[in-house]
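Fold and contact review
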Amino acid sequence: MLPGKPLMHVLPMRWNLVVQMVLSIPVVLWTGWPLFVRMVQSFGNLSPNMFTLIGLGVGAAFIYSIAATMAPSWFPAGFRSDHGVEAYFETAVVVTLLVMLGQVLELRARRKTGDAIRKLLGLAPKTARIVLPDGREQDLPVELIQVGDSVRIRPGEKVPVDGIVRDGHSAVDESLLTGEPLPVEKTSGDEVTGGTLNGSGTLLVEAKRVGEQTLLAGIVRLVSAAQRSRAPIQRLVDRVSAYFVPLVALASVVTFIGWAVSGTPAALAHGLLNAVAVLIIACPCALGLATPLAIMVGVGRGAESGVLIRDAEALETLAKADTLVLDKTGTLTEGKPHVARIRAVVGLTESELLHLAASLERGSEHPLAAAILAAAGERRLKLSEAANFQSTAGVGVRGTVDGKQVELGTREILPAGTMEIDTAEVEAERSQGRTVLFAVVDGRYSGWVAVEDPIRSTTAEAVKQLRGDGLRLVMLTGDNRTTANAVAKRLGIEEVVADVRPAGKADEIKRLQSQGRRVVFAGDGVNDAPALASADIGIALGTGADVAIESAGVTLVRPDLRAVARARRLSRHVRATIRQNLALAFVYNLLCVPAAALGIITPIWAGAAMSLSSLSVVGNSLRLRTK
């Protein structure tokens, strides 16, 4: 084990081997004990792995060397050289140390793949300052904060809960959570998210979600689960690995037999040494790391940029998709509509029509309902209670307001034979991208409300990027065709499917899939959940309904479709990295196993090569952190 083997010049051969044995025992049996434990476990579980091969190789070399030292007369002539029966303690020791060193370096490198989770966990503050009912303020552990508590967030502090600003004004840095570099202005009525960083102002926030219910906690759970998930290609790797270890063991036996009958001096000794080299160099560690490490780093990188990937299969499917179907409201548009115009007929004033519509819409959660309520608030209208409220998805709402039967919705609610509609005026509103809601009072057409939902400032750029990425873009909306075409024309989307009810969205997805398309659907509303679930992969905007997020394979923390293009690039990088890792692992074995069998690579160099192959896979996967 020492350069030049100086002990051979001081001690007789036998005592030289005894000293080597004594020095080797603590290294092999203490330092290398975990290797043998995991080898035994692999036998017990009937699942041979890298430790099976390493344990067999090191164990064979070590036990052979002990026997050669203690009972050399037992060995036939094929194990003897000019110096007698040679021992390979240095092989057992150096391979053990190289493997353990490789494991340590690999674990340190793999820890970097969890940086995304640790970074997310580090966003959560440990304490929060609550404002008590008597006005006193008290610092408490964040675990003790309850929904409804008032929390004071001072300049430079992290937001401890998800909540609504009740007082104050500040710019909040959401970059570590959403990837958006610019601070977002927050004032009374705005939502804030736990883990974000308050700027120079002071905010008084009412807690709405705390502890495990916060968005940050949900992101951590989602990312953790995704990093543990298995890509479809991993199933192929698992099948290969199941046969790989037995085949390597067989190759090792064949190597020994081949050398044994070769007729070379000390043929059996060379055969044993080279058989051990085959066992060690063919360790499938790199093969086992190839896919999961790339998935871990890729999912973590996505989380850092505000793209939450549910599992590895979603990541792989996103890279293969060729069609992106986009909901309009809240996806292409801001999802914050406002009333642009009101037209009343049959003796009603605009305020009276708005009063009836807003009173009815109090029971609805649709974004258009919020716009009508906001318009009534601006006019300071006193609303009435609505009785017998009913909502029909994709059609509208109905109920009783001030003793009148009121309906509000699409053209489908209009009584048969209605002739009073000013078609030209309605179409003019729709041509500007506005949605027109018709009103029917006591069975008579009574007017309409035009609602405008501005297109997001980032949508046009996102559409350009997605089209440039080779995706076929389709707008799918329940809105009127004229309105939908107006929005599509402004964005450059050529394919539009309009006037579709919620159930029909899923049918349209299936129609595209029947054409052999791999379909991605992006939406944010409750009525988008069936389409999200039907698509090959669904993308939900994080500002949308919980049911939409739960149905999606990918969630965008920030409602910016440019993140879809980023997610597609990331998914392709992950797939490429997995292929590179697998190629590294297979080429390594293809070249090194024959070299070890022929005696070109000794067990010591085999151990070094095995560790380097694993580290090369780890290093290649970590490159994804810069994508």
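Conventions adopted
- Residues numbered from 1 in each chain as written.
- Predicted model: local features only at pLDDT ≥ 70, side-chain atom pairs only at ≥ 80, totals over all residues.
- Heavy atoms only, no water.
- Helix = DSSP H or I, 4+ residues; strand = E, 2+ residues; numbered from the N terminus.
- Contact = heavy atoms within 4.5 Å.
- Areas by Shrake-Rupley, 256 points an atom, 1.4 Å probe, with all protein chains shown as cover.
- Salt bridge = Lys/Arg side-chain N within 4 Å of Asp/Glu carboxyl O.
- Buried < 20%, exposed > 50% of the residue type's maximum accessible area, 1.4 Å probe, protein only.
- Arc of directions from axis to C-beta.
- Pairing = 2+ DSSP bridges.
- Polar contact = N/O pair within 3.5 Å; in protein donor to acceptor, adjacent residues only side chain to side chain.
- Axes fitted to C-alpha atoms, helices over the stretch in contact; angles between N-to-C directions.
- Parallel < 35°, antiparallel > 145°, perpendicular 65-115°, else oblique.
- Core = buried A, V, L, I, M, F, W, Y, C linked by side-chain atoms within 4.5 Å.
- Patch = residues over 30% accessible without salt bridge, like charges linked within 9 Å, V, L, I, M, F, W, Y side chains within 5 Å.
- pLDDT = per-residue confidence, 0-100.
- Nonpolar A, V, L, I, M, F, W, Y, C, P; charged D, E, K, R; others polar.

What follows concerns the overall build of the chain. When you go through the chain residue by residue, the secondary structure sums to 22 helices and 24 strands. Of all intrachain contacts in the chain linking residues separated by at least 6 positions in sequence, the fraction that spans at least 24 positions is 68%. Surface exposure of the chain reaches about 28,700 Å², of which carbon and sulfur atoms provide 58%.

Okay, the pattern of salt bridges next. Applying the stated criterion across every chain, the model contains 26 salt bridges. E508 is paired through a salt bridge with R511; the nearest N and O atoms lie 2.3 Å apart. One end of the pair, E508, and the other, R511, are both in helix α18 (residues 502–514), three residues apart, so they sit about a helical turn from each other. Beyond isolated ion pairs, a larger network of salt bridges with shared partners links R341, R343, E425, E429, R434 and E452.

Within the span of helix α15 (residues 423–431), buried status applies to E425, V426, E429 and R430. Looking straight down α15, one finds that the buried residues subtend no more than 140 degrees of arc, so they occupy a single side. Looking at the buried residues of α15, the elements they touch are β14 (338–344), β18 (435–441), β19 (444–452) and α17 (481–491). Positive phi shows up at G433, right after α15, with a value of about 85 degrees.

With that settled, the discussion passes to the pairing of strand β23 (residues 537–541). Within β23, five of the five residues are buried, which leaves the element mostly enclosed by the surrounding structure. Strand direction decides the pairing type here: β23 and strand β24 (residues 554–556), joined by three bridges, are parallel. Bridge pairing in β24 links I539 to V554.

Turning our attention to the side chain of S571. Counting through the fold element by element, S571 comes out in helix α21 (residues 562–597). The class for S571 is buried, based on a relative accessible area of 0%. A polar contact of 2.7 Å, which involves the side chain of S571, links it to the backbone oxygen of R568. Apart from the residues lying within four places of it in its own chain, the contact partners of S571 are L315, L318 and A319.

The strand order β12-β24-β23-β22-β13-β20-β21 describes an open sheet built from seven strands, whose pairing is mixed. The open sheet has two edge strands, β12 (307–309) and β21 (495–497), and neither has a second partner. In this sheet, adjacent strand axes meet at a mean angle of 20 degrees when their direction is disregarded. Sheet topology note: the strand β13 (residues 323–326)/strand β22 (residues 519–523) ladder contains four bridges and is parallel. Residue pairing for β22: L324 is matched across the bridge by V520. Strand contacts of helix α11 (residues 312–320): β12, β22 and β23, with the helix running at about 100 degrees to β23, the strand carrying the most contacts. Those strands touched by α17 are β20 (472–476) and β21, and its axis lies near 155 degrees from that of β21.

Angle between the axes and distance between the axes: these two values describe a pair of packed helices. Between α15 and α17, the shortest axis-to-axis distance is 7 Å and the interhelical angle comes to 30 degrees. Taken together, the axis directions place α15 and α17 in an arrangement best described as roughly parallel. Each of E427, R430 and S431 in α15 lies in contact with α17, whose residues at this interface are T482, T483 and A486.

For D560, the location among the structural elements is in the loop between β24 and α21. At 3.2 Å, the side chain of D560 forms a polar contact with the side chain of T458. Within the local environment of D560, its side chain forms a polar contact with the side chain of R562, the two groups lying 2.7 Å apart.

The next point concerns the nonpolar core. Within soluble globular proteins, side chains that are nonpolar tend to cluster in buried spots. The biggest cluster of nonpolar side chains holds 53 residues, and the ones touching the most others in it are L324, M475, I493, I539 and V574. Among all residues touching V574, those that are not within four sequence positions of it are A294, I295, G298, L315 and L624. Core analysis: the next-biggest nonpolar cluster, separate from the first, contains 43 residues, L53, V58, A277 and A595 among them.

Phi at D402 takes a positive value of approximately 55 degrees, unusual for a residue other than glycine. Non-glycine residue D442 carries a positive phi angle of around 50 degrees. By the element assignment, D442 lies in the loop between β18 and β19. Under the relative-accessibility criterion, D442 is labelled partly exposed at 46%.

Take a nonpolar patch on the surface next. On the surface, a cluster of nonpolar side chains totalling about 450 Å² of accessible area is made up of Y243, L247, L250 and V254. By the secondary structure assignment, Y243 is in helix α8 (residues 232–260).

Taken together, three strands build an open sheet; the order of strands is β8-β7-β10 and the sheet is antiparallel. Either end of the sheet is taken by a strand with one partner, and the two such strands are β8 (184–186) and β10 (197–198). Where strand β7 (residues 170–173) meets β10, two bridges bridge the pair, whose relative direction is antiparallel. Pairing of D173 across the sheet is with L197, part of β10.

Attention now moves to the pairing of β19. With seven of nine residues buried, β19 lies mostly within the body of the structure. Here β18 pairs with β19 via seven bridges, running antiparallel. Residue pairing across strands places V436 opposite A450, the latter belonging to β19. With antiparallel pairing between neighbouring strands as the criterion, β18 and β19 make up a hairpin whose turn holds two residues, including D442 at a positive phi of roughly 50 degrees.

Looking at the chain, pLDDT values average 81 and 84% of them are 70 or higher. Confidence, read as mean pLDDT per element, is least for helix α20 (residues 546–551) in the chain (52) and greatest for β13 (93).

Here we take up the packing of helix α9 (residues 267–281) against helix α22 (residues 603–622). Relative orientation of the contacting elements α9 and α22 amounts to 5 degrees, with a least axis distance of 8 Å. Compared by their axis directions, α9 and α22 come out roughly parallel. Along its contact with α9, which presents L273, V276, A277, I280 and I281, the element α22 presents P603, A606, G607, A609 and M610. Looking at the contact of α9 with α22 residue by residue, the classes come out as nine nonpolar, one polar and no charged.

Attention now moves to the environment of V142. As for its placement among the helices and strands, V142 is situated in the loop between β4 (137–141) and β5 (150–153). A relative accessible area of 18% places V142 in the buried class. In contact with V142, other than residues within four places in its own chain, are P125, K126, T127 and P160.

With that out of the way, let us pick up the environment of A369. Summarising the element assignment, A369 is placed in helix α14 (residues 367–378). Given the relative accessible area of 2%, A369 is considered buried. Note: C-alpha distance between A369 and S359 (10 residues apart in sequence) is 10.0 Å.

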